[in-house]
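Chain residues, written in single-letter form:
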Amino acid sequence: MSAIRYLPFVGRLMIGLPFAMSGLGKLAAYGATTAMISAAGLPVPPLTFAAAVAVELGGGLLLVAGYHTRYVAAVLAVFALATAVSFHNNFADQNQMIHFLKNVMMAGGLLQIVAFGAGALSLDARRSTGELDSRQALA
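Predicted model, so just to flag it, every value in this text is computed and none were measured.

Caption draft 1: Layout of the nonpolar core. Ranked by internal contacts, the top residues of the largest apolar core, which has 13 residues, are Ile 15, Phe 19, Leu 63, Ala 73, Leu 76, Leu 110 and Ile 113. Within the residue set of this core, elements represented by two or more residues are α1 (7–28), α3 (45–65), α4 (69–87) and α5 (94–116). Looking at this core, the element that brings in the most residues is α4, giving six residues. Non-local contacts of Leu 110, meaning those with residues more than four positions away in its chain, are made with Ile 15, Phe 19, Leu 63, Ala 73, Leu 76 and Ala 77.

Caption draft 2: A look at the pattern of salt bridges. A complete count under the given rule lists two salt bridges for this structure. Residues Glu 56 and Lys 26 are paired through a salt bridge, measuring 3.0 Å at the closest nitrogen-oxygen approach. Separated by 30 residues along the polypeptide, Glu 56 in helix α3 and Lys 26 in helix α1 bring together distant segments of the chain. Grouping residues by exposure puts Glu 56 and Lys 26 together as buried. Taking the shortest distance from any N to any O, the salt bridge between Arg 127 and Asp 124 comes out at 3.6 Å.

Conventions used here
Residues numbered from 1 in each chain as written. Predicted model: local features only at pLDDT ≥ 70, side-chain atom pairs only at ≥ 80, totals over all residues. Heavy atoms only, no water. Core = buried A, V, L, I, M, F, W, Y, C linked by side-chain atoms within 4.5 Å. Buried < 20%, exposed > 50% of the residue type's maximum accessible area, 1.4 Å probe, protein only. Helix = DSSP H or I, 4+ residues; strand = E, 2+ residues; numbered from the N terminus. Contact = heavy atoms within 4.5 Å. Salt bridge = Lys/Arg side-chain N within 4 Å of Asp/Glu carboxyl O.

The structure is reproduced here in C-alpha cells:
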C-alpha cells in the first residue's frame, strides 16, 4: 500500500479537526459567542449560534470521517468565506487580515476536497465499494 493513499485522510483531519474544536469552543462560550454574532449584525443570534455549532462541529467530524465529503467540504468552504466577510473584515487590523486570509486559505483547501473527493480512507470510499460489491453480487 502506497503512503500517498493516506494523504487525503491527513488533509481532511488537518482541516476538519480545527472546525470541530471551534464548534466545541462555541458550545462552551454561548454568551460570548452570541454577543459577537449580535455585534457583527447577524440576525437571530441564538439561531445563528446553533447553525454555526452544527456546521463547525458536525461538518468537522463528518469531514474527518469522510462521509458525504464533497457536500460537507462545500458547506464548510461557504461557511469559512461567510465568516471571513462577517467577522474578519477590518483590514486595518493586521490580526483580522491574517484571520481573513486564513479563512480564504481554508476555503481553498476545502474546494480541493470538493474537486477530488475524500480519498481511499473514508466512509465515502467504503460506501461506494460496498455498493459495487452488492451490484456485482446481483449481476
